[in-house]
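# Summary of the model geometry
Here's the letter readout for the chains.
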Amino acid sequence: MINLNFDLLNKKIAETNFTYSEGIVKKVIGLTVEVEGIKSFVGEVCTIYNEKNTAIPCEVVGFKHDNVILMPLGELIGIAPGCRVVPEGKPLSIKCSDELFGKVLDGIGNPLEGELSLGGTLYSLDTEPPDPLKRRRIKNVIPTGIRAIDGFITCGEGQRIGIFAGSQKYNSWNDCKICRGRC
């Protein structure tokens, strides 16, 4: 007997876009690509197929008249006026699972070590931040090893903090110092 998870199948069917539209590249100016013939929303992922039919993922960043403005999430090499553009119908998302532990990822969550696809659940990168009042209380203090930070900003386990410095002002040094203190 075949066991089917109908709840999962219904969810996949509900998430599937059965319409197909395709546009063409009109202009490439700097790092932006102007596309004609598609209807999209800001944040949607589109795929441009260059002259060698290589897929280049892009994100919708704006509109100009009836055209859509895209920013590539990869190289622009081979993109020319007339290249095919296919909207994906969903915002940029990444797969998250325990398989990511120990992997080196690029800026959009793809492994750099040659593995093409990892399993996991897709999570949109455009989500609401968690409610800080619903998080568990911070009980354990984490010393960073940098007296200026420990004296002014007590860091706790599970806390979200931003440590900023101007350009060329010890960002990497701070990161290394904090990591060495935790190892």
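In the block above lies the structure referred to throughout.
Residues numbered from 1 in each chain as written. Predicted model: local features only at pLDDT ≥ 70, side-chain atom pairs only at ≥ 80, totals over all residues. Heavy atoms only, no water.

### Some words on a positive patch on the surface
On the surface, a cluster of positive charge is made up of Arg135, Arg136, Arg137, Lys139 and Arg160. Along the chain, Arg137 falls in the loop between strand E8 (121-124) and helix H2 (147-152). Here Arg137 falls in the exposed class, since its relative accessible area comes to 70%. (Patch = residues over 30% accessible without salt bridge, like charges linked within 9 Å, V, L, I, M, F, W, Y side chains within 5 Å. Areas by Shrake-Rupley, 256 points an atom, 1.4 Å probe, with all protein chains shown as cover. Salt bridge = Lys/Arg side-chain N within 4 Å of Asp/Glu carboxyl O. Lys, Arg positive; Asp, Glu negative; His and termini not counted. Charge placed at Lys NZ, Arg CZ, Asp CG, Glu CD. Helix = DSSP H or I, 4+ residues; strand = E, 2+ residues; numbered from the N terminus. Buried < 20%, exposed > 50% of the residue type's maximum accessible area, 1.4 Å probe, protein only.)

### Examining the nonpolar core
In this structure, Val25, Val33, Ile48, Leu70 and Val85 are the most contacted members of the largest nonpolar core, which totals 15 residues. Looking at this core, the elements that each hand over two or more residues are strand E2 (32-36), strand E3 (44-49), strand E4 (55-64) and strand E5 (67-72). Looking at this core element by element, the count peaks at three residues for E4. Setting aside its immediate chain neighbours within four residues, Val33 contacts Val25, Lys27, Val28, Ile48, Val68, Ile69, Leu70 and Leu76. (Core = buried A, V, L, I, M, F, W, Y, C linked by side-chain atoms within 4.5 Å. Contact = heavy atoms within 4.5 Å.)

### Structural notes on a nonpolar patch on the surface
Taken together, the side chains of Ile2, Leu4, Phe6 and Leu9 make up a nonpolar region of the molecular surface, amounting to roughly 440 Å² of accessible area. Of note, Ile2 is situated in the segment before helix H1 (6-15). Taking the relative accessible area as the measure of exposure, Ile2 reaches 70% and is therefore exposed.

### Digging into the pattern of salt bridges
The tally for this structure, following the rule as stated, stands at two salt bridges. Between Arg84 and Glu22 there is a salt bridge; the shortest N-O distance is 3.2 Å. On the criterion of sequence distance, the pair formed by Arg84 in strand E6 (residues 84-91) and Glu22 in the loop between H1 and strand E1 (23-29) is long-range, its members being 62 residues apart. What makes Arg84 partly exposed here is its relative accessible area of 29%. Looking at Glu22, the relative accessible area reads 35%, which means it is partly exposed. The residue Glu36 makes a salt bridge to Lys26 at a minimum N-O spacing of 3.8 Å. One end of the pair, Glu36, is in strand E2; the other, Lys26, is in strand E1, with 10 residues separating them in the sequence. Lys26 gets classed as partly exposed once you look at its relative accessible area, which sits at 39%.

### Some thoughts on the packing of aromatic side chains
Under the counting rule described, the total for this entry stands at zero aromatic pairs. The aromatic ring of Tyr49 is capped on one face by Arg84, whose charged end is 4.3 Å from the ring centroid. (Phe/Tyr/Trp six-rings, centres within 6.5 Å; stacked < 30°, edge-to-face > 60°. Lys NZ or Arg CZ within 6 Å of the ring centre and 35° of its normal.)

### Digging into the side chain of Asn50
Looking at the secondary structure, you find Asn50 in the loop between E3 and E4. For Asn50, the contacting residues outside a window of four places in its chain are Ile56, Ile77, Gly78, Ile79 and Cys83.

Any link to function would need more than the numbers given here.
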